[in-house]
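If you want the building blocks of each chain, they are given just below.
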Amino acid sequence: MVDTIYVESSALEHEISKRVLSKYPKAEVVEISHYGEVFNSTGQNFRIQKSNPSLILARKEGARVISTPAQYETGGGHHYYFSHMLNCVYDCRYCFLQGMLRSANYLLFVNYEDFLSDISRVANEHIHEEKPTWFFSGYDCDSLAYEPITGFADHFVSKFESLPNSVLELRTKSTQIRSLLSRKPVDNIVVAFSLAPDQVAREIEHGAPSFEKRLKALEQLQAAGWRIGIRFDPVIWHAEYLQNYERAIQQTFSTLRADAIDSVTLGGFRMPKDFYKKTQEMYPENWMLNIGLEQKQGMVHYRADIESQVLQAVGELCLQHIDQAQLFVYRSDAS
Amino acid sequence: MKNQTAIVIVSALHCEVKAILDVLKMRKLYAKPFDMYVCDDFNGLGELYVLVGGIGKLNTAAAIGWCGALLQDYQTAWLNVGIAGHGSKEIGSAFTVGRSDDTTLARAYFPPQVAKRQFPLEACLCVAEPTSNYPDTGGVDMESSAFYKVALRFSYPELVQSVKVVSDNPSEPVEQLNTQKIQKLMHSQKQRVLDFAEQLAKLTLAVACPKNKIIIPDELRCSHSQVRIIKDQLKRLALFLDSAEIEQLQIAVNESTRAKQLTSFLQSRLDGIVPSIGMSGDRRG
């Protein structure tokens, strides 16, 4: 429950701000000039803030739609990402946001119309290309977890429906799929769930729905005709990883129609070294951040032998159910 | 990160904290250069200090600087407790500072609000002299901006907070204040202030560092960077070992004579570890 909401003066009258504020009638509202006054001030402790984040409502100016790093593709032509929100309601220990951002407060950009206008402009630049242009949401937040408050997916899905040669990927761990299930599936929307075996999810993905609940949400979406994707990213290396992932993958593909899954992606734990350093200092007691890692070319990731072993093994488990063309593996040495 | 914790309540006047000193039966630790009191065990959450700095920004800054240096080995939280004027709130009501302004500073400061709230949020304007010129909204005091500026050098912004009790307003201006009245006003809010202090103390504990379980012997000859590497390796290893294994490792470390050999040995131990789910977890704060 958010108990403090900072609102930029310029965002106070925006319809999304009003909607969000109406959901938190008891919250203290503090007017600010620019979100940076709160979000970017120095010295903040992400770990402390994570225990009770505030919400910031602001307008996003400047670059709103950004090209993804080269390796991140799932079958589209050009790939872009956009972030209507920074920070996530979940607290996953491998998340790069805890090392990248100064604040754990939720920063929601309410000017959806400007995002959509930029997305439309970028989509039009690639309108005649063979493969569709892919737009990712959910790099810097969970696309659906805050849906009852923000109405983000509801808003963007409607607009994407009429956007030619473009795909929107909503990346999530959330079971907040009501707004999607309440409408007809849209061809150019992919709902991609990050999955992890329940043992891993419970220990590393604090606050996120269980594996079973995520799988159930995927099942419902697929049954309703939505395109779905699966992300085992990062695959978490541990003594029992093979058994745990085998069980999870078996359960996943016995629940879902494998041939109708848009894509499955795998990756090892990886983080830019400065983000890693900050995260490790915040959580010195977390085993995942303390073992089996190496630093190369500004990134901290699993030791090459470990990464190779886990991606190979989990990849093979997936390929028992899906085609090679559906599988995308992100390797540290390829970035 | 530090493994001892303390919360410091900072006030300008003795009468602003008398109720807290009394209820916690605090012991006087220093009389010069500033009055400082201690409660050795604040609800099992570490030590609690009360620092009486004197009126105004300069005194506040000097007192916090001195106290911060004294407590440099502690993970500290800082709570400014005192009186303030207010343009519209009732005498005796209290607020947490959610926005700090200063007539001499261009930018406002917004203390991050994480601790469970005991009081409503208000803006507070820090001025150099007592004033009856109250802002239309928010409070006015003489210490808060300096309190933040200096205390933030010693702790995280989430652990640096200010609670003000309204002592004067346009109907009852500052000229009518006296020691007894202040004492009475502060007394009525003491429990809520201490509840807030407890919330801050809990957050402080959550970020305090666990103690090193394995010690590097003084006899080991090594450079500063080698010490840093060895400490890092030992901390990581300690996460994966039980107490008997830690004891054995301490013996091996004690017997080491060369740092280079020790780092290689520790690295080989680390490389051989395969973690299991549940080996260690976050201390959830």
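Keep in mind that what you see is a predicted model, and the values were worked out from it rather than measured.

Enquirer: Pulling in residues and values, what's your account of the packing of aromatic side chains?
Expert: All names here are of chain A. For the coordinates displayed, the defined rule picks out 23 aromatic pairs over all chains. Their ring planes at 15° and their centres at 5.0 Å tell us that Tyr-81 and Tyr-139 sit as a pair that is stacked. Remark: Tyr-139 occurs in the loop between strand 9 (133–137) and helix 6 (147–150) and Tyr-81 occurs in strand 5 (residues 79–82); sequence separation between them is 58 residues. By relative accessible area, Tyr-139 is classed as buried at 17%. Measuring from centroid to centroid gives 5.5 Å for Phe-82 and Phe-156, while their planes differ by 10°, and the two rings are stacked. Of this pair, Phe-82 sits in strand 5 while Phe-156 sits in helix 7 (residues 152–160), placing them 74 residues apart in sequence. Under the relative-accessibility criterion, Phe-82 is labelled buried at 1%. By relative accessible area, which is 0% here, Phe-156 ends up buried. Among the aromatic residues, those joined into a cluster by ring pairs are Tyr-35, Phe-82, Phe-109, Tyr-112, Phe-115, Phe-152 and Phe-156. Its guanidinium or amino end placed over the ring of Tyr-283, Arg-93 lies 3.5 Å from that ring's centre, counting from NZ or CZ.

Enquirer: If you had to explain the confidence of the model for chain B to someone new, which residues and values would you point to?
Expert: Across chain B, the average pLDDT comes to 93, with 97% of residues at 70 or higher. In the model output, the complex is listed with pTM 0.94 alongside ipTM 0.91.

Enquirer: An account of a nonpolar patch on the surface is requested, with residue identities and associated values reported.
Expert: All names here are of chain B. A surface patch of nonpolar side chains, amounting to about 230 Å² of accessible area, comprises Leu-29, Tyr-30 and Leu-70. Tracing the backbone shows Leu-29 in strand 2 (residues 27–30). On the accessibility criterion, Leu-29 (34% relative accessible area) is partly exposed.

Enquirer: Report on the sheet that holds strand 15 (residues 270–272) of chain A, specifying residues and quantitative values.
Expert: All names here are of chain A. A sheet is described by the order of its strands in space; here three strands give the open sequence 15-17-16, paired in antiparallel fashion. Two strands lie at the open edges of the sheet, namely strand 15 and strand 16 (293–296), each paired on one side alone. Taking the axes of each pair of neighbouring strands and ignoring which way they run, one obtains an average angle of 25° across the sheet. Sheet topology places strand 16 next to strand 17 (residues 299–302); four bridges connect them, and they run antiparallel. When the sheet's bridge partners are listed, Leu-293 is paired in strand 17 with Tyr-302. Helix 12 (residues 273–282) contacts strand 15, strand 16 and strand 17 of the sheet and is inclined by roughly 105° relative to strand 15.

Enquirer: Residues and numbers for the sheet that holds strand 2 (residues 28–32) of chain A, please.
Expert: All names here are of chain A. Read across the open sheet, the five strands follow the order 2-1-3-8-6; overall the sheet is mixed. Edge positions in the sheet fall to strand 2 and strand 6 (85–86), since each has one partner strand and no second. Pairing analysis gives two bridges linking strand 6 to strand 8 (residues 106–109), with the strands arranged antiparallel. Opposite Leu-86, over in strand 8, you have Leu-107 as the bridge partner.

Enquirer: For the nonpolar core, give the residues involved together with the corresponding values.
Expert: Core analysis: the biggest nonpolar cluster contains 132 residues, and A:Leu55, A:Phe135, A:Phe232 and A:Tyr245 have the highest contact counts within it. Excluding anything up to four places from it in sequence, A:Tyr245 contacts A:Pro197, A:Val200, A:Phe232, A:Pro234, A:Val235, A:Ile236, A:His238, A:Val314 and A:Leu317. Membership of the second largest hydrophobic core comes to 39 residues, among which are A:Ile48, B:Val17, B:Leu24 and B:Leu177.

Enquirer: Kindly report on the interface of chain A and chain B, identifying the contributing residues and their values.
Expert: Every contact between the two is made by 42 residues of chain A and, on the other side, 37 residues of chain B. Together, the buried faces of chain A and chain B total about 3,400 Å²; carbon and sulfur atoms form 55% of this surface. On the chain A side of the interface with chain B, the three residues burying the most area are A:Ile48, A:Glu285 and A:Trp287, jointly 18% of the side's total. Between the two partners, chain A and chain B, sit two salt bridges. Note that B:Asp271 is salt-bridged to A:Arg303, the shortest N-O span being 3.7 Å. Here chain A is connected to chain B by nine residue pairs in polar contact (both at pLDDT 80 or more). Elements with a contribution of two residues or more to the side of chain A that touches chain B: strand 1 (4–8), strand 2, helix 2 (36–39), helix 3 (46–50), helix 9 (198–204) and helix 12 of chain A.

Enquirer: Could you give an account of helix 2 (residues 57–70) of chain B, naming the residues involved and the relevant values?
Expert: All names here are of chain B. Its 14 residues place the ends of helix 2 20 Å apart at the C-alpha level, agreeing with the 20 Å of an ideal helix rising 1.5 Å per residue. When helix 2 is considered as a whole, its buried residues turn out to be Thr-60, Ala-63, Ile-64, Cys-67 and Gly-68. The arc enclosing the buried residues of helix 2, seen along the axis, measures out at 130°, which places them on a common side. Looking at the buried residues of helix 2, the elements they touch are strand 1 (4–11), strand 3 (35–39), strand 4 (47–52), strand 5 (74–86) and helix 3 (144–151).

Enquirer: Provide a residue-level description of the state of the cysteines, including the pertinent values.
Expert: Within this structure, the stated rule accounts for zero disulfides over all chains. Summary of cysteine pairing: A:Cys92 is not part of a disulfide, and the nearest cysteine sulfur, belonging to A:Cys88, is at 6.1 Å. Looking at A:Cys92, the relative accessible area reads 6%, which means it is buried. Here B:Cys124 is not disulfide-linked; the sulfur of B:Cys126 is the nearest cysteine sulfur, at 6.8 Å.

Enquirer: Give me the lowdown on the environment of A:Pro148, citing residues and values where you can.
Expert: Residue and element names in this part refer to chain A. As for its placement among the helices and strands, Pro-148 is situated in helix 6. Along the primary structure Pro-148 and Arg-178 are separated by 30 residues, whereas in three dimensions their C-alpha atoms are 9.0 Å apart. Residues contacting Pro-148, with those up to four places away along its chain left out, are Arg-19, Lys-23 and Gln-176.

Reading the values: the criteria
Residues numbered from 1 in each chain as written. Chains lettered and ligands numbered in written order. Predicted model: local features only at pLDDT ≥ 70, side-chain atom pairs only at ≥ 80, totals over all residues. Heavy atoms only, no water. Phe/Tyr/Trp six-rings, centres within 6.5 Å; stacked < 30°, edge-to-face > 60°. Helix = DSSP H or I, 4+ residues; strand = E, 2+ residues; numbered from the N terminus. Buried < 20%, exposed > 50% of the residue type's maximum accessible area, 1.4 Å probe, protein only. Lys NZ or Arg CZ within 6 Å of the ring centre and 35° of its normal. pLDDT = per-residue confidence, 0-100. Patch = residues over 30% accessible without salt bridge, like charges linked within 9 Å, V, L, I, M, F, W, Y side chains within 5 Å. Areas by Shrake-Rupley, 256 points an atom, 1.4 Å probe, with all protein chains shown as cover. Salt bridge = Lys/Arg side-chain N within 4 Å of Asp/Glu carboxyl O. Pairing = 2+ DSSP bridges. Axes fitted to C-alpha atoms, helices over the stretch in contact; angles between N-to-C directions. Contact = heavy atoms within 4.5 Å. Core = buried A, V, L, I, M, F, W, Y, C linked by side-chain atoms within 4.5 Å. Buried area = accessible area lost by both parts, 1.4 Å probe. Polar contact = N/O pair within 3.5 Å; in protein donor to acceptor, adjacent residues only side chain to side chain. Expected span 1.5 Å × (residues − 1). Arc of directions from axis to C-beta. Disulfide = S-S within 2.5 Å.

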